[in-house]
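Here are the chains, one letter per residue:
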Amino acid sequence: MVLLRVFGEEASTGVGVSELAHRAEFSGSTAFRILISLRLNGVVDRAGNAYRLGKRIQLPGTNSRKLGRPHF
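These numbers come from a predicted model, not from an experiment. (Residues numbered from 1 in each chain as written. Predicted model: local features only at pLDDT ≥ 70, side-chain atom pairs only at ≥ 80, totals over all residues. Heavy atoms only, no water.)

J.: When you look at the pattern of salt bridges in this model, what are you seeing that I'm missing?
T.: It is possible for side chains of opposite charge to pair when their charged atoms get near one another. Under the counting rule described, the total for this entry stands at two salt bridges. Across the salt bridge formed by arginine 23 and glutamate 10, the nearest N and O atoms sit 3.1 Å from each other. A residue pair is termed long-range when its members are at least 10 positions apart, and arginine 23 in helix H2 (residues 17–24) and glutamate 10 in the loop between helix H1 (2–5) and strand E1 (15–16) qualify at 13 residues. Judged by relative accessible area, which is 29%, arginine 23 ranks as partly exposed. Look at glutamate 10 and you get partly exposed, because its relative accessible area is 29%. For glutamate 19, the salt bridge goes to arginine 23, with nearest N and O atoms at 2.8 Å. Here arginine 23 and glutamate 19 lie together in helix H2, a separation of four residues that amounts to about one turn. The partly exposed category is assigned to glutamate 19, whose relative accessible area is 36%. (Salt bridge = Lys/Arg side-chain N within 4 Å of Asp/Glu carboxyl O. Helix = DSSP H or I, 4+ residues; strand = E, 2+ residues; numbered from the N terminus. Buried < 20%, exposed > 50% of the residue type's maximum accessible area, 1.4 Å probe, protein only.)

Laid out in structure tokens, this is it:
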């Protein structure tokens, strides 16, 4: 999914909807709708006015078996 790939180095700290939309070349409303769906499924978390990758996404250097998280 394009929107997940464009988080870049801010994956754990958070990126705003407008910036994510710009990076993914989506309209702001499209990015927002996708983010809502991803948040409801635990793929992203809201961090104030930004979104970051959630617990369902394995970050580099983590062991999904130890954390009990699925590996995508």
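Picking up where we left off.
J.: Could you clarify how one ought to interpret the pairing of strand E3 (residues 50–53) in this entry?
T.: Looking down a regular strand, the side chains alternate between one sheet face and the other. As judged from the two bridges shared by E1 and E3, these two strands associate in the antiparallel manner. Among the inter-strand pairings, glycine 16 is bridged to a residue of E3, identified as alanine 50. Sheet topology places strand E2 (residues 44–47) next to E3; four bridges connect them, and they run antiparallel. Each residue of the ladder has a partner; that of alanine 47, found in E3, is alanine 50. The turn joining E2 and E3, which pair antiparallel and follow one another in sequence, is formed by two residues; a positive phi near 70° is taken by glycine 48. (Pairing = 2+ DSSP bridges.)

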